[in-house]
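Chain residues, written in single-letter form:
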Amino acid sequence: MSLFKARDWWSAALGEGEEFDQGCICVGDVDNSGTGHDKVVVGSYMGMLRIFFPHTKKSSEAGQGSAEAQLLEVQLQNAIIQVEVGKFVSCSELLHLAVLHPRKLSVYSVSGTAGNVEHGDQYQLKLVYEHNLQRTACNMTYGTFGGVTGHHSLCIQSMDGMLMFFEQDSYSFGRFLPGFLLPGPLIYNPRTDSFLTVSSARQLESYKYETLAVATEAESRQDPDLPLKTGGKRLMPDWTLVLGEQALDLSVPSFSHSSSSTFILGERNLHCLHDNGQIRFMKKLEFNPSCFLPYTSVTDGTTNLLLGNHTNMLLVYQDVTLKWAAQLPFVPVAVRVANFPELKGVVVSLSSDGHLLCSYMGTDPSFFSTPKVDAREADYEQVDAEMKKLQKFIREVTRTQDILPKTDTEEDLSITAAVSSSMDSLSQALIQDINGLPVPSVTIQVKVKASCVVQSSKLTVSVQPPLAVTQDQFVLEPMGVGSSTVVAFSAFLNGRYPPADLTGDITVSYSSPTELNPKGVPRVLQSRFSLPLLLVCVPSSPTKSTKFKITVDTNQPPVDLNTIFPEFSAKSEDKDGNSLAFQFLSGTKVTVLASKTSQRYRIQSDSFEDIWLVVKELVQRFDLHFTKLGVKDFKKSFSGPIPLQEYFLSVDHHFQLRVSAQQYQDLLSERAVQFRAIQRRLLTRFKDKTPAPLQNLDTLLDATYSQVMALAEAAEENRAQLEEAFARLRSASHLLVLLLSLWQGLTPDQSVILEATLLPLLQDTPQLGWEESCDAAVSHLLRSCLSRSPKDQATSLAQAGGPVLGLPHDTARLKKHITLMCDRIGKGGRLTLSSEANVQVPAQVQNLAAPGGVEPIAEVAGDGEELELSQEATKFIKKKQPSKKVKKDKDSKEKKEVSREPSEAAVKEEAGGAEETVKEAKKEKKEKKESKKDSSKEPKEETKKESKKESSSSKEKKESSKEKKEGKESSKESGDKKVSKKSVKVKEKKKEPEAGEG
Amino acid sequence: MEVTMDPLFLAWSYFRRRKLQQCSDICTKILQDNPYDQAAWSLKTRALTEMVYIDEVEVDQEGIAEMMLDESSIAQVARPGTSLRLPGTSQGGGPTPAVRPMTQSGRPITGFVRPSTQSGRPGTMEQAIKTPRTASTARPVTSASGRFIRLGTASMLTNPDGPFINLSRLNLAKYSQKPNLSRTLFEFIFHHENDVKNALDLAAQATEHAQFKDWWWKVQLGKCYYRLGLYREAEKQFRSGLNHQEVVDTYLYLAKVYQRMDQPITALNLFKQGLDHFPGEVTLLTGIARIHEEMNNIASATEYYKDVLKQDNTHVEAIACIGSNHFYTDQPEIALRFYRRLLQMGVYNCQLYNNLGLCCFYAQQYDMTLSSFERALALVANDEEQADVWYNIGHVAVGIGDLILAYQCFKLALAFNNDHAEAYNNLAVLELRKGRIEQIGDLQSSYSAAQKSEDAFPEHVDTQQLLKQLRQQFVVL
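This report concerns the structure included in the present document. Fair warning: this is a prediction, and the values are worked out from it, not measured in the lab.

### A word on the overall build of chain A
Thought 1: On a plain count of helices and strands, chain A comes out with 18 helices and 44 strands.
Thought 2: Within chain A, buried positions represent 49% of all 998 residues.
Thought 3: Nonlocal contacts in chain A, meaning residues at least 24 apart in sequence, comprise 61% of its contacts between residues at least 6 apart.
Thought 4: For chain A, the accessible area works out to roughly 48,700 Å², and carbon and sulfur atoms hold 52% of it.

Here it is, written out as structure tokens:
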């Protein structure tokens, strides 16, 4: 990340596919021209040696630049791993070139002879001497070892840790470094006459030349792994400093006499030391460095250094302060500073793949060009037209739908589920038998047929517990047009109690790709199937005396039960078809008795809940039977008292289990807290250096643990019981609904409402259970369509309890409400969909009393704006309804067809009514005296008032919201921003639906 | 021409150039020929470690267990200004939460995402478990969090034959005697295998072998203790390491321990002590700035970020934080300059363009606003970002009065992220303005909602006004 890039002065690409590393470059006046200008010597791992003298005289010919600047190119026999320029030849003050090969050290002299023509300078490389090395070399350093002046000696480090010293053309001695594993960088510090290296122990080690010279000689020819046996001094470092990291490079710059620093470039830090190994400073690097070079000291006491890193940057530091950052086109492996005739202080950098660059710092912006966004040309007319088109489209879409897409009239898939008529010959059930009765299973075949291309479809099957299926998820292959797939699975009972419902759901989720969206739009399709009664019960012999009895009346002559239940008749001893018995796999028996004389049927059992499945089946089959016979006016009824007591038993049982589940939960968390507290105490004890006695804490821990486990198991058991109780409760509720509808002859619509009221949940959870949600629904019914008077509602609504549903203390209230509901239904109260509007009942009454009274409610007398508003509100409310209860959607549509006007009126009234009720409560029922007819107008006026008030307050809110918005921009984090502030409004909204229900 | 080279030398050279995979491959070959080549083994260990190395200073995720079994906290209710756990009100006269948004844990949003900026601290274990754990909420994580595990298993993929070093069969005592191998091995176990227990074993034996005189081993021990949640022990080791040698990293680790122990003031003092030894050290300065920021002392945080920039003017975090601070203190023009600088430096992502767009809008450079957002949309990496950008465009639309566009933008934001609470809220405000109200006049619930709002943010003017109004209403009744 930098603002500027290094300015190119001269660059060259060396060879192709050649490799370079740290040591492969050096600068110096290698041909001893005497001008003080530097040449750049580069050697590659492929053995190419090149010498450059960069200049920009003919910069116009860019292609020739490198050719002209290249003084020499030689292919040597071996890889070049390091090149150095120094006074390596005795009796000569001239600079020579030392080239390190893996197994050889060669010293060359480079000389140039001036030619006559323009390109005529001729350079030659002459071998002065060479040493063959016994060991693979790794790197080398040179200097005036031992303080001799005038010429340089060389020290080569081998891969296995031997330092070999050469004094010009003679080998002086070799020493093994102690504790060596992998080589590190090596440097000679002339000020202390010592060698510095970073060993594998990650410490900087300093060896005095003197110490090295007098240490044991002999081992240098021996196997390095053998311990020293011969005499002589053991080689010990002068001092060491733990760096804790490997070093990439070392440098001992000498700019002035005062500064005596050693720089170490570690993998993660840059260290600067005094000569005695004290840290002067260090800097943590937040990147991976690749090379560095301390090059000068601008102000006294500080050092400037160049640092290259792996994010293509060249950084200039003055001690620890970043002075400049420049972008390089590559990761430099080595960097040098050189003086050329035209320019002094050029940064020469070399990349690993042979990019040689001479550059200087400048304010060229680093060319980071942002990629272009595919912006269209601003043809405003065209854009305008497109905008209009899109706006129109959006408006249309918003009018017809919300976020949800409209359902197609024609589905892409069709599902047909076929339940096999006979049980599986080999049962698939997991529980093979219950109380000696074998558990059967039945096969269901689902055929999925596609009418267009369908991708990634998944089929899910769900049945009510304790029913189970062999496989509940299927991944279907992508289907083409007209193709179909069939999956088969078996359903069976997987528990010791009967289910509440024998139907199962099939859900297919798929995506149908369109032209614009090749991935496909996700779609869902649902289908139902119902399982045979035979799956959960077997035929049995009738029992006479039972606890619970239910009698169903019909208006048709009695039928032979055996024809109604052919699959159960086989075992029945009663040949005249007057009685039939079912035994559930769980053991309870249900007997159906047909009266010979009257048109009555009696269903009796020891278990109230278990009657449900049989009654349901019976009623269904009767319907089917008489439809087949062509009887139009078949009626069935229930005269009875509603068996509420039995129902409440089931409710209480369920509630008891929920309460104990809650208790288990509390106990568990209490024990868990205790467990953690003991753990914490134990932890502190164990952590102590001087262990204190445990004081039986371990026993306590064990005991608590076993308590926790026992509680958890008990809770688990309770949960299973609760599941069973809930299934039973559902059965009982279904039965209650059926009986209520038979009793009062409720229409299917009303039964649906009743069912939704009594069975609001498919599952009950500790947070939201059946009791509270059922209570909320029932009391809503009581307040709305079943209430006695509008005044009643108003007060009850105003006194609405807390909006949060929670586990009630007892079931008394619920029971009272359910009894009341049954009572009112029995007294002729009717459940209607439009009863969502709170004032529905009086409206109906009104309707009956004065049919014309409601009609003119939409009078256009009010100003148009007002009307529009209320219509808008109507729409809005209508839209809202389906989201609450899906079932109502259908109903409302039907209703709309039949009586658009009244329903609209009703809803309109609702809009006002909601306010009216509150107003009433507020103003202590001032409007009590208003006549009923007027009351229909009244709310409208109120609405007006309200809306005026509202608009003023909304203005206020507008201002405040504006103010808020200023602070509202999201920054980089997507955390929450402003919720706390605006929550006033949000909460207001949220509360609304709950207040409506409870 | 082919030139033969010693493979070990080549591997060594590759390692230095960070061509780690090549280095590891060559070492594998050497080890196949000679399984006892310690040098190649060590080099491969280093290469594998480097591949997955993450600076331990930056790794910071607090697990449920650490939060709950935290016996190092001294007071349950800390004094204001001494704890990171209290959301603390603004001390340095920075912007109020009305202007600068907060994270869920009650800290001001910073300009730079880094570990632990989003972590909250639930009160009880039950609460911790119940807290939702989606990406954009304050979430607790288990101590062996997914991130650590992924680091540990990354190596398995590169070695289909199984792990390079079988830790269970390693004789740690033997290796701890060899200083030239032990450090490499430790880093491998700690960073690559992520096996803190074995790493701790090795470090304990090695520090014993070094006669408790090696600062490095002490720091490593501290790192292990920290990972194990033994903060007091870690502190002891780091302190002792500092006695041997002052190292920047040790200061950072120690400060991290103090931050975890919820002693921000001690951490600040430590950083300042570190700065005495290493004047101008960027990481220390950044540490101070971060703590100030987390303690809602934005003004001094900004001062320290400025100090950071004096040392290193390419520091992205500092630029971003100063920029966002200027933005939230109503200086969008200045913020714009900081963000532009980031752009020039080559930061090129959705968030930056998003911020640029907002700055341009509030600095009234409308021509640049939409093109910035356009670029931001072109650069989005995930749906959450997309939702945020649309949300901001919606704001701009509200600002220029194009409510239809705003409505559509908020809807789009919801389409991309359907729990974008702010978008819901603003949509509701728009609906309110359209007059689609479902309920009005429910003073009781209005009052209780307003009271909750007041609890959350006592200085909020709107709430106070609303409450006043409601009280008057009640008096009238």
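### Considering the sheet that holds strand β17 (residues 239–242) of chain A
Residue and element names in this part refer to chain A.
Thought 1: An order of β14-β15-β16-β17 is seen for the four strands of this open sheet, with the pairing classed as antiparallel. Each edge of the sheet is formed by a strand with only one pairing partner; in this case those strands are β14 (186–189) and β17. Between one strand and the next, the sheet's axes are offset by a mean angle of 20°, whatever the strand orientation.
Thought 2: Relative to β17, strand β16 (residues 203–208) is paired through four bridges, and the arrangement is antiparallel. Within β17, the residue paired with Gln-203 across the bridge is Val-242.

### Some words on the sheet that holds strand β29 (residues 413–419) of chain A
Residues and elements named next belong to chain A.
Thought 1: Strand order in the open sheet formed by four strands is β29-β32-β36-β34, with antiparallel pairing between adjacent strands. Among the strands making up the open sheet, the edge pair consists of β29 and β34 (467–469). Recorded for the sheet is a direction-independent mean angle of 25° between the axes of neighbouring strands.

### Here we look at the pattern of salt bridges
Thought 1: What the rule picks out here adds up to 37 salt bridges over all chains.
Thought 2: In this structure, Asp-823 of chain A engages Lys-827 of chain A in a salt bridge whose closest nitrogen and oxygen atoms are separated by 3.5 Å.
Thought 3: In the salt-bridge network here, residues are joined through shared partners; they are Arg-202 and Arg-268 of chain A together with Arg-18, Glu-50 and Glu-187 of chain B.

### A closer look at empty space enclosed by the protein
Thought 1: The tally for this structure, following the rule as stated, stands at 17 cavities of 30 Å³ or more.
Thought 2: For the largest cavity, the lining is made up of 15 residues, of which Gly-244 and Asn-269 of chain A together with Trp-216, Gln-220 and Asp-249 of chain B are closest to its centre.
Thought 3: The element that contributes the greatest number of residues to the lining of the largest cavity is helix α10 (residues 215–228) of chain B, accounting for five residues.
Thought 4: Of the residues that constitute the lining of the largest cavity, the class distribution is seven nonpolar, three polar and five charged.

What counts and what doesn't
- Residues numbered from 1 in each chain as written.
- Chains lettered and ligands numbered in written order.
- Predicted model: local features only at pLDDT ≥ 70, side-chain atom pairs only at ≥ 80, totals over all residues.
- Heavy atoms only, no water.
- Helix = DSSP H or I, 4+ residues; strand = E, 2+ residues; numbered from the N terminus.
- Buried < 20%, exposed > 50% of the residue type's maximum accessible area, 1.4 Å probe, protein only.
- Contact = heavy atoms within 4.5 Å.
- Areas by Shrake-Rupley, 256 points an atom, 1.4 Å probe, with all protein chains shown as cover.
- Pairing = 2+ DSSP bridges.
- Axes fitted to C-alpha atoms, helices over the stretch in contact; angles between N-to-C directions.
- Salt bridge = Lys/Arg side-chain N within 4 Å of Asp/Glu carboxyl O.
- 1 Å grid on protein atoms, 1.4 Å probe; cavity = no way out; pocket = protein on both sides within 12 Å on 5 of 7 lines; lining within 4 Å.
- Points joined across faces, edges and corners; volume = space filled by probe spheres on them.
- Nonpolar A, V, L, I, M, F, W, Y, C, P; charged D, E, K, R; others polar.

So yeah, pure geometry; function would need other evidence.
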